[in-house]
Amino acid sequence: MKKSLLLILAVLILIPLGVVSAQNGETLVVALGSDSLTFDPLNYDEEVTNEVNLHIFETLVFNDTDLNSVPALAESWEQIEDTVWRFYLRQGVKFSNGNDFNADDVVYTITRAKTWEQSQYKGDTSAIKEAVKVDDYTVDLVTNFAYSILPANLKSLMMMDKESSENADPKDLAENPVGTGKYILVDYVREDHIDLVANPNYWGEKPEIQSVRFRPITNPATRTAALLSGEVDLAVDISSRDVEKVNSSNVATILQAPALRIIYLNIDGWSDQNKGVEPQDAFKDVRVRQAIYHAIDEETIIKNVMNGNAYIATGPIPTGYNGSASGVERYPYDPEKAMALLKEAGMENKITVTLDSPNDRYVNDGQIAEAVAGYLEKVGITVNLNLQPKSLFFDYVAVDKYNTSLSLGGWYDGTGEGAIILKSMFYSFGKKAGYGTGNRGHFSNEKFDELIDEALVTVDAEARAKLVEEAAVILNNEVGFIPLHYQQDIYGVNNRVTFEPMRNKHIYAWRFSFK
Amino acid sequence: MIRFIIRRFFQMILVLFIVSLMVFLLSSFTGDPVYMLLPPDATLEEIADMRILLGLDKPLYVQYAIFLQNILKGDFGNSYVYNKPALGLILERMPATMEVVAVSTIITILIALPLGVFAGSNPKSTGSKSIMFGSLIGISLPSFLVGMLLIYLFSVTLGWLPTSGRSIPAITASGKKTYFTINELRHVLLPSITLALGQVAMLIRLLKAGLQETMQKDFIKFAKSKGVSRRNIVFGHALRNALTSTITVFGLSIGDLIAFTTITETIFAWPGMGRLLLTSINVSDRPVIIVYIMVVSVIFVVINFFVDILYTVIDPRIKLN
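Residues numbered from 1 in each chain as written. Chains lettered and ligands numbered in written order. Predicted model: local features only at pLDDT ≥ 70, side-chain atom pairs only at ≥ 80, totals over all residues. Heavy atoms only, no water.

## Overview of the interface of chain B and chain A
In step 1: Contacts between the two partners involve 65 residues from chain B, matched on the other side by 62 residues from chain A.
In step 2: Counting every contact that joins chain B to chain A gives four salt bridges.
In step 3: The shortest N-O distance in the salt bridge between Arg93(B) and Glu191(A) comes to 2.6 Å.
In step 4: If you look at where chain B meets chain A, you find 16 residue pairs in polar contact (both at pLDDT 80 or more).
In step 5: Listed by contribution, the elements that provide at least two residues to the side of chain B that touches chain A are helix 2 (33-37), helix 3 (44-54), helix 5 (86-121), helix 7 (143-157), helix 8 (182-215), helix 11 (262-267) and helix 12 (273-282) of chain B.
In step 6: Considering each element in turn, the side of chain B that touches chain A owes the most residues, seven residues, to helix 3 of chain B.
In step 7: For the side of chain B that touches chain A, the residue count by class is 36 nonpolar, 17 polar and 12 charged. (Contact = heavy atoms within 4.5 Å. Salt bridge = Lys/Arg side-chain N within 4 Å of Asp/Glu carboxyl O. Polar contact = N/O pair within 3.5 Å; in protein donor to acceptor, adjacent residues only side chain to side chain. Helix = DSSP H or I, 4+ residues; strand = E, 2+ residues; numbered from the N terminus. Nonpolar A, V, L, I, M, F, W, Y, C, P; charged D, E, K, R; others polar.)

As C-alpha cells, then:
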C-alpha cells in the first residue's frame, strides 16, 4: 500500500515538471472579462458579444479607430431623398459557406433585426421603415422620417446569409455562425475558449494573425496572472492595483486610454411625479441644481476613489465624437458658492434627498455615490444613500417609474454621434417613442428637443455638430445632469505583440501583430 | 432494498418540489432580468416585449404554475441569457466540475487517509500535533486566497502549471475535443489542490477524532490484550468503526464541492457549473438558478443514498430502512 501510494504521489508531482509549458505558437490569445453570449449577431447588442462576432461577421458601415464611419460591406452610401438612404454594396464578397453576399442578405438581415422577437436591434433599426432591393448590389433603406445619422446606427448590425439562415432553427444560428468576416469559428467551449482562424477566402486585406483564441477570465487577479505568466497576449480591464506590477515585469506592458463610458448624476427637476426628495419641487430651481454641481469635488473623487484612473467629464459626449466640441466647462468645486445658491433659493438646510446608485455595475460605483453624498451633506443637503445591486437598481430607477430624483448612472455609446447620445439621454421623455429612454432626470427643454430633432435630419456632419453643441450648452446651463468622469480602459499587452486599441474598447485580432 | 429505493425516490420528488418553490420565490426578489439583458438605450417597447417574451408579465403564481406544468412535460425552462434549455446548460458544464471534484477527492484521500490514521493512532506524538496544526491552517484559509497563492507560485513565478482554463487543445479545423490528456491534467491540478486543501484538513480531523475515540473502546482493549498486532488493530478494527461517522460528513462535503465550487471555478476560469451559477445570479437568469438548485438537490439525495449503502458495506450490522 505504501509503495503504490508513493508511486501515485510521485506521478502527480512529476507530471507538471516533465511537461514543457504549452507554447501558444502563432496563436493570439486574448483574455476577456466575460464570455460572448451568442454567435447569432442579432440576439444581443452587448459589447463583448459584438466584438467577438465582428471577427466573424461584417457590417455595412464600420468604425475606424476614432469611430468615424468607414465603408465595409457597403462601398458607399448617400441620402437620395429625405427619407431614403441608398447603399451600394461591395461585389464579390462570399459568406464562409460559399454563398454570395448581395442585396437579398441585407434585406433579410434588416427585416430580421426589426421583426425577430429576440432581436436586440429593434432600437437601432427603429428609424427604418423598410429595406428595398434596387438591384443585386444596391439597397434602399426607407426611413420613417428624415434621419441623417442612419449609417452610424448600422455599425454593429452584422449581415447574415439569407439562404442558410432563413429557415434555420435560431438555436443553430446561435452556435454555427456564417459570416463574411476576416475569421471563422472553429471551436467554442462556453466560458472556456472561443477559437477562430483566418478566413482563407476573405475579400479584403488578410490579417497577419492567423489564429485567435478568446478566453473569458472573469476574475481580474487571474487575468493579470495569466498575462504575467505569458499565457495570454492581451488582458482587458487590468485592475488599477496591478498596473505597477505589470509594468515592472518584463513580460507585459500596460496600455491606458480614456473609455467611452461616462459616470454621471441624473437630477430630476422637471417631472411633477418625482419621488425621493423633500420638498418635492426642490430641484425645479436651477440654482439648487447649480449648487449641487458646485458642491461636488470631482477631482478628489478621481484621485481618491478612482485611484487616478478616470478622466474628468464636462459633458455627456466623449471627446472626438461628432458634436463634442461645445466648449462647456464644469461648474467649479465651490462649496461656499453652493451654500450661497441654496440660501438664495430659500433651500438652506431644507432638502432631504435619496441618492440611488448601483453597487456592482460600474467601477467603484458605490464608493462614488458615498463620496457624492458626503459632499452634499457638507453644503447642508441631507442625503439618504440607497445602494442596490444592478439587477434591482435598473428596474427601480426606470425612467417610466419616477422613483428617483437623484441617481448615479453610467452611459456607453459606440456610434460616434453626439446626437444619438443626447437623443437617448436627454430628449423629453414620452414625447416620441424611443427618445429619452435613459432620461432618468426627466430633463425637458423645448429648444433642446428642437435642436436634436434638427440634428437628426441634418446630413452634413459639421452642421449637425453645431446643432448638437448648441444643445449641449443648453443642457449645461440648465444643469440637466451632472457629469462626473469618464472611466479608463486599462489593457495589459504582452511584449511579444503590438496592439492598437479602438476608441470603443473592442479588441480586434487584425489590430495585433507579432514583433 | 427496492422498498428503500422507492421511498428515497418519493422523498426526492418532495424535496425537489419544496426546493423549486423556495428558489422561485427567492429568485423573484433578486431583480429584474430584463434590464440585465437589454442594452441601456433600449426603448420602453423593447423592455415590454422582452417581459412578454420571458413570461415575466404574468403574476408570480401563474409563472410558477407554468413552470410546474412544463416540468411535468420534461421541460425545465430556457435560460433567459442563452435561449437554451437550462438543464442542458447545467449538464453541459457538469463534466468539468465532476473532473475537478474527482481529482481533488483523490488528492484528499491520498493525503488525508494516511495522515489522519497516523494522527488518530498516535495522538500524543509530535508528528500528530504538527499534522493537526497544519490541518487547522488548511481549514481556515479561504479558497480565493489559496487559489491566488497557488497561481502566483506555480504559474507566474515557477511557470510550471497554467493559471486558468480547462485545456488548450491545438486549434484544428475539425475542432475535436480530447479528454483526459496530460495537458488537461496540468490544468486541473491547481483548482483541485485548492479545493482539496479544506477537504484534507477536514478529513484528517474527522479521522483523528473517530480513531482516537474508537481506540478507547473495550473491543480494542480486548484485541490488544489478546495480542493482535498494532497494525491489525488500527486497520482491521478501529478504522472500520471510525469510518462510519466520517463517511457521512465526507460524502456530504463532496456534494458541497460539486454544488458550490463557484469561487474556485471563477478564480481558475474553470468552465464548470459553479461558474455558471455565479454568472446566472449576476444577470438574474432565474430558470438556470432554479434548475441548478434542483440538480444540486438531486445530487445530495443521491450521495446520501450511496452513503447509506456504504454503511451496510462497512458495518454489516446496519440494515437499510
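Back to the text.
## Here we look at the environment of Ile254(B)
Residue and element names in this part refer to chain B.
In step 1: Within the secondary structure layout, Ile254 lies in helix 10 (residues 230-259).
In step 2: Look at Ile254 and you get buried, because its relative accessible area is 18%.
In step 3: Each C-alpha atom of the pair Ile254 and Pro191 lies 15 Å from the other, and the pair is 63 residues apart in sequence.
In step 4: When near neighbours in sequence (up to four residues on either side) are disregarded, Ile254 contacts Val101, Thr105, Gln199 and Ile303. (Buried < 20%, exposed > 50% of the residue type's maximum accessible area, 1.4 Å probe, protein only.)

## Concerning the confidence of the model for chain A
Detailed reading of predicted coordinates is not advised where the pLDDT is low.
In step 1: When pLDDT is averaged along chain A, the result is 91, and 95% of the positions lie at 70 or above.
In step 2: Segment residues 14-24 of chain A is flagged for pLDDT under 50; beyond a separation of four residues in sequence, or across chains, it makes 16 contacts in the model. (pLDDT = per-residue confidence, 0-100.)

## Some words on the environment of Gln488(A)
Residue and element names in this part refer to chain A.
In step 1: Of note, Gln488 is situated in strand 18 (residues 481-494).
In step 2: Among the residues examined, Gln488 registers a relative accessible area of 14% and is labelled buried.
In step 3: Expressed as a C-alpha distance, the spacing of Gln488 and Pro258, which sit 230 residues apart in the sequence, is 4.6 Å.
In step 4: With residues up to four places along the chain from it excluded, the contact list for Gln488 reads Gln256, Ala257, Ala259, Asn309, Ala310 and Tyr311.

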